[in-house]
Amino acid sequence: MISTEEKFVFQKIVTGIILLFSVCLLVIAWPRSRAALDFLPAKYALEKINKNEVLEEEDIATALEQTEQSAGIFADPRYSEGMSQLLLLDAQNNESLEATDKESLALAKESAEQALSLAPANALLWYRLAVLNGLLNASPDEIKKALLMSMMTGPNEMGIMLPRLHMSLVLFALFEDDDKEQVINQIITVWTLSPAEFLPIVKNNIALMDAIKSLLTPRHTTELSEMEKALEEHL
């Protein structure tokens, strides 16, 4: 039989272990919680940007500082992605890409790559990386890789399908035969899902339409004929 005193000692030990475990969990979770709290104002700023609302330069700088602070406390792809978006916006707000803007773009690229190392299935971030590579005059292979990864991870991503396709068609000459299948699939997807938005991309742009014809002939002549007919009616 266990005595009352032994039961009391056992209960104290169990209680102590539970308290110690709770404290350990709190210590482990605190950096994540602190980073999330610090990030809240920057999160609201990023939501405004994604709604195409205009932010003042001071607001962008403040949001960037808060995001950088959160990223320093806890490694979360949201913070690196936010930094990349804010740095790109900050650089694009300037009319000319001076040395300071180039530095911002380089930091934006670094943040995008860091976020992708933590969350590689982010199609939007791969597309942003392709844009950053283009602005920084990166190698064609780097630009192409980011575009292909964006198409592979988010082929039906409505927010970026149109600009991503436009960029892919402009850089059509970069793609090898093995890569072109993804571009073809993207053309068909955009045409199927957003024909009204697709037409303005190629309207009065002979080079882009020539690229589309080259890619869709001879396996997708039906879709190509539909596009050409719609373009004639749209003119």
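Above this text you will find the structure in question.
This is a predicted model, so every value here is computed, not measured. (Residues numbered from 1 in each chain as written. Predicted model: local features only at pLDDT ≥ 70, side-chain atom pairs only at ≥ 80, totals over all residues. Heavy atoms only, no water.)

K.L.:
Tell me about the overall build of the protein, residues and numbers included.
P.N.:
Helix and strand counts for the protein stand at 11 helices and zero strands. When its helices and strands are written in sequence order, the protein yields α-α-α-α-α-α-α-α-α-α-α. Across the 235 residues that make up the protein, the buried fraction comes to 37%. Contacts in the protein between residues at least 24 apart in sequence constitute 64% of all its contacts with a sequence separation of at least 6. Carbon and sulfur atoms make up 58% of the accessible area of the protein, which amounts to about 14,100 Å² in all. (Helix = DSSP H or I, 4+ residues; strand = E, 2+ residues; numbered from the N terminus. Buried < 20%, exposed > 50% of the residue type's maximum accessible area, 1.4 Å probe, protein only. Contact = heavy atoms within 4.5 Å. Areas by Shrake-Rupley, 256 points an atom, 1.4 Å probe, with all protein chains shown as cover.)

K.L.:
Account for the packing of aromatic side chains, with residues named and values stated.
P.N.:
Within the structure shown, the criterion is met by one aromatic pair. Measuring from ring centre to ring centre gives 5.6 Å for W191 and F198, while their planes differ by 70 degrees; the resulting arrangement is edge-to-face. F198 shares its class with W191; the two are buried. (Phe/Tyr/Trp six-rings, centres within 6.5 Å; stacked < 30°, edge-to-face > 60°.)

K.L.:
Tell me about helix α9 (residues 195-202), and please be specific about residues and values.
P.N.:
For an α-helix, the turn length of 3.6 residues means that residues three or four places apart are oriented alike. Among all positions in α9, only F198, L199, I201 and V202 are buried. The arc that holds the buried residues of α9, viewed along the axis, is 155 degrees, so those residues lie on one side. Following α9 by one or two positions, N204 adopts a phi angle in the positive range, close to 60 degrees. (Arc of directions from axis to C-beta.)

K.L.:
Please give an account of the side chain of R164 that cites residues and values.
P.N.:
Secondary-structure assignment places R164 in helix α7 (residues 158-170). Buried charge without a salt bridge: R164, with E157 as the nearest opposite-charge side chain at an N-O distance of 6.3 Å. Among residues more than four places away in sequence, those in contact with R164 are A123, Y127, L147, S150, M151, G154, P155 and Q186. (Lys, Arg positive; Asp, Glu negative; His and termini not counted. Salt bridge = Lys/Arg side-chain N within 4 Å of Asp/Glu carboxyl O.)

K.L.:
Any details on a negative patch on the surface? Residues and values, ideally.
P.N.:
Together, E56, E57, E58 and D59 line one region of the surface with negative charge. Note that E58 resides in helix α2 (residues 57-73). Classification of E58 as exposed rests on a relative accessible area of 66%. (Patch = residues over 30% accessible without salt bridge, like charges linked within 9 Å, V, L, I, M, F, W, Y side chains within 5 Å. Charge placed at Lys NZ, Arg CZ, Asp CG, Glu CD.)

K.L.:
Go over the packing of helix α5 (residues 123-135) against helix α6 (residues 140-153), please, and point to the residues and values.
P.N.:
One way to put it is that α5 packs onto α6 with a least axis distance of 8 Å and a crossing angle of 165 degrees. When the axis of α5 is compared with that of α6, the two are roughly antiparallel. Note that α5 runs across α6; the crossing there is left-handed. Residues A123, W126, Y127, L129, A130, N133 and G134 of α5 lie in contact with α6, whose contacting residues are E142, I143, A146, L147, M149, S150 and T153. (Axes fitted to C-alpha atoms, helices over the stretch in contact; angles between N-to-C directions. Parallel < 35°, antiparallel > 145°, perpendicular 65-115°, else oblique. Left-handed = near helix turned anticlockwise from the far one by under 90°.)

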